[in-house]
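# Residue-level structure breakdown
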There are 2 protein chains.
Amino acid sequence: MIKPAVPKGTRDFSPVQVNRRNYIVEIIKKTFIKYGFQPIETPSMENLSTLTGKYGDEGDQLLFKILKNGDFTEKIKTPDDYKKLAFEICEKGLRYDLTVPFARYVVMNRNEIAFPFKRYQIQPVWRGDRPQKGRYQEFWQCDADVVGSDSLLNEVELVQMLDEVYNELGFGVTILLNNRKILSGIAEVANVGDKMMSMTIAIDKLDKIGIEGVRNEMIANGIAAESCAIIESILQAQTLEELKPLLSKSEIGNKGIEELETVFKYLSKVKIKQTVKIDPTLARGLSYYTGAIFEVKANDVSMGSINGGGRYDDLTGLFGMPNVSGVGISFGLDRIYDVMTELGLFPASTDKVTQYLIGTFDDACFDFGFDLLQKMRAAGKSVELYPVPAKPVKFLNYANARQIPNVIIIGENEMQTGQLMVKEMLVGGQMAMSVEELLG
Amino acid sequence: MIKPAVPKGTRDFSPVQVNRRNYIVEIIKKTFIKYGFQPIETPSMENLSTLTGKYGDEGDQLLFKILKNGDFTEKIKTPDDYKKLAFEICEKGLRYDLTVPFARYVVMNRNEIAFPFKRYQIQPVWRGDRPQKGRYQEFWQCDADVVGSDSLLNEVELVQMLDEVYNELGFGVTILLNNRKILSGIAEVANVGDKMMSMTIAIDKLDKIGIEGVRNEMIANGIAAESCAIIESILQAQTLEELKPLLSKSEIGNKGIEELETVFKYLSKVKIKQTVKIDPTLARGLSYYTGAIFEVKANDVSMGSINGGGRYDDLTGLFGMPNVSGVGISFGLDRIYDVMTELGLFPASTDKVTQYLIGTFDDACFDFGFDLLQKMRAAGKSVELYPVPAKPVKFLNYANARQIPNVIIIGENEMQTGQLMVKEMLVGGQMAMSVEELLG
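Every value quoted in this text rests on a predicted model; they were computed, and no experiment measured them.

## Quick look at the pattern of salt bridges
Counted according to the given criterion, the structure contains 48 salt bridges over all chains. Across the salt bridge formed by D334 of chain B and R21 of chain B, the nearest N and O atoms sit 3.1 Å from each other. Remark: R21 of chain B occurs in helix 1 (residues 15-34) and D334 of chain B occurs in helix 13 (residues 333-343); sequence separation between them is 313 residues. You can call R21 of chain B buried: its relative accessible area is 4%. The residue E157 of chain B makes a salt bridge to K118 of chain B at a minimum N-O spacing of 3.6 Å. In this pair, E157 of chain B sits in helix 6 (residues 153-169) while K118 of chain B sits in strand 5 (residues 117-126), placing the two residues 39 residues apart along the sequence. Residues joined in a network through salt bridges with shared partners are K118 and E157 of chain A together with R377, E384 and R402 of chain B.

## Concerning the pairing of strand 12 (residues 356-360) of chain A
Residue and element names in this part refer to chain A. Burial runs high along strand 12: five of the five residues are buried. The side-chain alternation of strand 12 yields two buried faces, one formed by Y356, I358 and T360 and the other by L357 and G359. Where strand 12 lies against strand 13 (residues 383-385), three bridges are found, and the strand directions are parallel. Within the sheet, the bridge partner assigned to Y356 lies in strand 13 and is V383. Handedness of the crossover is the feature at issue here: the chain leaves strand 12, passes through helix 14 (residues 363-378), returns alongside strand 13, and the resulting connection is right-handed. In this structure, strand 12 lies alongside strand 14 (residues 406-410), joined through five bridges in parallel fashion. Paired with I358 across the two strands is I408, which belongs to strand 14.

## Structural notes on the relation of the copies chain B and chain A
Laying chain B over chain A is done by rotating through 180° and shifting 0.0 Å along the axis; what remains is an RMSD of 0.1 Å. A rotation of that kind, with that shift, is consistent with a two-fold axis. Using C-alpha coordinates, one finds that chain B approaches the rotation axis most closely at I66 of chain B, a distance of 2.2 Å.

## A short note on the interface of chain B and chain A
Many structure descriptions define interface size as the accessible area lost when the parts assemble. Each partner contributes residues to the interface: chain B has 99 residues there, and chain A has 98 residues. Counting the surface lost from both chain B and chain A, the interface buries some 8,100 Å², and carbon and sulfur atoms represent 61% of this. Counting across the chain B and chain A interface gives ten salt bridges. Of the charged contacts, one joins R377 of chain A and E157 of chain B as a salt bridge, the two residues approaching to 3.1 Å between their closest N and O atoms. Counting across the chain B and chain A interface gives 24 residue pairs in polar contact (both at pLDDT 80 or more). Take the side of chain B that touches chain A: its biggest share by element is seven residues, from helix 14 (residues 363-378) of chain B. The class makeup of the residues in the side of chain B that touches chain A is 53 nonpolar, 26 polar and 20 charged.

## What to know about the sheet that holds strand 12 (residues 356-360) of chain B
Residues and elements named next belong to chain B. Spatially, five strands are ordered 13-12-14-15-16 in an open sheet, and the strand pairing comes out mixed. Two strands close off the open sheet at either side, each with one partner strand: strand 13 (383-385) and strand 16 (430-434). Each neighbouring strand pair of the sheet contributes to a mean axis angle of 30°, computed without reference to strand direction. Note: strand 14 (residues 406-410) against strand 15 (residues 419-424), four bridges, orientation antiparallel. Residue pairing for strand 15: N406 is matched across the bridge by E424.

## Here we look at the confidence of the model for chain A
Summarising the model, chain A shows a mean pLDDT of 93, and 98% of its residues fall at 70 or more. At the level of chain-chain contacts, confidence expressed as ipTM amounts to 0.94, with global pTM at 0.95.

## Side note on helix 10 (residues 225-235) of chain A
All names here are of chain A. Of all the residues in helix 10, the buried ones are S227, C228, I231, E232, I234 and L235. One side of helix 10 carries all its buried residues, which in axial view fall inside an arc of 160°. Pointing more than 90 degrees away from the buried face of helix 10 are the exposed residues A225 and E226. Structurally, helix 10 contributes buried residues whose contacts are with helix 7 (180-189), helix 8 (196-204), helix 9 (206-220) and helix 11 (240-246).

## As for unusual backbone geometry
Residue P116 of chain A is reached from F115 of chain A by a cis peptide bond, and omega for that bond is 0°. On the secondary structure map, P116 of chain A appears in the loop between helix 5 (99-108) and strand 5 (117-126). Backbone geometry places N323 of chain B, a non-glycine residue, at a positive phi of 60°. Tracing the chain through its elements places N323 of chain B in the loop between strand 10 (305-312) and strand 11 (326-332).

## Comments concerning the packing of helix 8 of chain A against helix 9 of chain A
Residue and element names in this part refer to chain A. In the contact formed by helix 8 and helix 9, the axes pass within 7 Å of each other and the chain directions differ by 145°. When helix 8 is examined against helix 9, the residues M199, I201, A202, I203 and D204 are found in contact with a partner set consisting of L206, V214, E217 and M218. Classifying every residue of the contact of helix 8 with helix 9 gives seven nonpolar, no polar and two charged.

## Details of the sheet that holds strand 13 of chain A
Residues and elements named next belong to chain A. Ordered by their spatial adjacency, five strands build an open sheet running 13-12-14-15-16, and the pairing between neighbours is mixed. Single-partner strands in this sheet number two, and they are strand 13 and strand 16 (430-434). Strand-to-strand twist of the sheet, defined as the mean angle between neighbouring strand axes without regard to direction, takes the value 30°. Those strands touched by helix 14 are strand 12, strand 13, strand 14 and strand 15 (419-424), and its axis lies near 160° from that of strand 13.

## Section: the environment of Y166 of chain A
Residue and element names in this part refer to chain A. Mapped onto the fold, Y166 is located in helix 6 (residues 153-169). For the pair formed by Y166 and I24, sequence separation is 142 residues and the distance between their alpha carbons is 9.9 Å. Those residues in contact with Y166 that sit more than four places away from it in its chain are F171, V173, Q274, V296, I306, N307, F331 and I336.

What counts and what doesn't
Residues numbered from 1 in each chain as written. Chains lettered and ligands numbered in written order. Predicted model: local features only at pLDDT ≥ 70, side-chain atom pairs only at ≥ 80, totals over all residues. Heavy atoms only, no water. Salt bridge = Lys/Arg side-chain N within 4 Å of Asp/Glu carboxyl O. Helix = DSSP H or I, 4+ residues; strand = E, 2+ residues; numbered from the N terminus. Buried < 20%, exposed > 50% of the residue type's maximum accessible area, 1.4 Å probe, protein only. Pairing = 2+ DSSP bridges. Right-handed = clockwise from strand over helix to strand, strands pointing away. Least-squares fit on C-alpha atoms with pLDDT ≥ 70 in both. Contact = heavy atoms within 4.5 Å. Buried area = accessible area lost by both parts, 1.4 Å probe. Polar contact = N/O pair within 3.5 Å; in protein donor to acceptor, adjacent residues only side chain to side chain. Nonpolar A, V, L, I, M, F, W, Y, C, P; charged D, E, K, R; others polar. Axes fitted to C-alpha atoms, helices over the stretch in contact; angles between N-to-C directions. pLDDT = per-residue confidence, 0-100. Arc of directions from axis to C-beta.

Spelled out as structure tokens, the structure:
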């Protein structure tokens, strides 16, 4: 007998955990709906042709691929190249994020959709990453995207939504904003336009490898020391005002600044409680962002990014529908859960528990208890009947383990007098109550 | 460019569909919670060692297996037997139902769980079946199980839950009950104790192949014509009263009758609105049922079984924890959805729509609209701002397509007078309203 286990990087969720996760999801969902987003769901499995080539070579390797049903061996001619072979014996894979399936959905349903289309989607995704703290092979994303509109109102509302969700969850975050056009501007001003990707990839690692690490990587990728110095000086900028003169010579850089100014102009008209600031070093790995880039970090817990997002202009183009601009954010449910746990922020009411347990001594009491159970449920009470007549220690222990606060004990005496004994498990007291009182 | 598609047997769900599916799920969930069930969730992927051998040979073939990440080709020595090879190059599979993962969960968490453990679980499962009407490769199960209690109260409450869910969903069903012990009794009385499985498998097909088909299959499996005649006569029984004398010579048969009598005794004390009746031909494919067997069929739609369930005594034994009796039911969300759609039972309120769209003519109006948007949202209104200033035809068409009932139009005139024009899209009228009136 093999000891039962779950696959590495995956988790079971206990009742307490499910209820707490749902608490987070409901707050996110409510906010999505408030801002006019509509739900869609897509299949867990996608054709590999939909998924591959969208997440880089590394992403292709991290896709979970599903073996064809039936005889797949006829394809095995060249078992020497396993990477290639995998795509021959597998047709489907598990979705890697919610954005690419959404783009596919939009293209397939373009004739039924009213644009701008604001959709939300809350589903698990799967990646064959090495599991570590805050990183799982199965994890949940809560995405909101608007496609078919390049209005910056969308960026503004996405920031409002981030603000409202974290306010309601009850912890402080910093919402970082950047714009891909600012990164292009930096590359232009530093005269490394042709090495923009290398520059961006290096800058993206600033948090992990420090400014010297970034410089070394840029130099290793053939960026001149002089250019590095310019880039480093620009990355010091903390505000749009500081950034503006540094990028004044770049048209695209100015455009990026202008877009962020517009976003901040509207944000200043609404009350944002969380910290929002620009971060010219923010690039995020995904290369499909073309405008705004978002990232959220918890202020008081070391947890990496709990939210990402940005604007992409070409995503549906991958499936044959060009010129549809989109922008979206993605909440990382699992990391938010970890932050909430670390900060002890789940309200006690989240752990839903049954309020009454009826315990009985013998068959006659059990039948009496069964009738009481029906009456109490009809009266809207949260109540269970211990499923067999038993010694009190049995059902009292059960109530304790389940944290059920009240146990109604029914013996011969109680049935005759109509006064039932109610044991208050948390306080330790007990009192006599009539059926009518219990229904009240 | 490949035309984008979803894998066969899987589906995208549009906003309307997601909202309607959630409507069903919420009713089921509410009922589960009312009866004291607690939620758990398990990973989509399980180790193949957890899944294989639980669903028969056919089931093993229908499991979706996930290719190992990294180089899997070293295992390819004998590519001639693809069924065996599949289990060498794959370690994980997608869950096939929620019952086996639940049994694994119980065994792994036995020290933390208070028994009897009443859990519910609402998640998708995957089977490589040939897709057809009402049958998908990815579909949702809504399961409630009690383990660690052999009390028949559990069977009674499961029937109450079935009744309440279908009452609230609003369509008539027939809840069929049987007991594996009655099938054993039939086999004993007909003197085919050693061919009980063949008999059961044949009987299970009664709906599809008729009584002659059943007889032919039994005879083909070596059951004597005389025994077949006895079996057929017993299967005619429509009630427990008719069945009782026919099984009186079988001890196990009597036990099965007695159990069903107890269940009906308690059911008679509560008000069950749906039809509940016994069906001695009900076997259901899964061989792990040992006591009660449940099945639910919609009365007015031809859709096969929309609910299954039963009692199993040995399920956790598969993972090394013997002697834990369990009983459960499983709602088939997708089929219930199809029934509700066919009968037109979704209330209009299920299709959540935004109530107001603000449309603006130019930048100044847009800023006015943005402020109005904030005020209306703060007042709890469901409202969106068309994301750019535009000609009325643009935002009126959008409101139409989204079925948003009210459009607030903001032009220069409106800003000056403070009287905004509100177009009622469904009625076709329009009226002037002040900001204060809109917030009221």
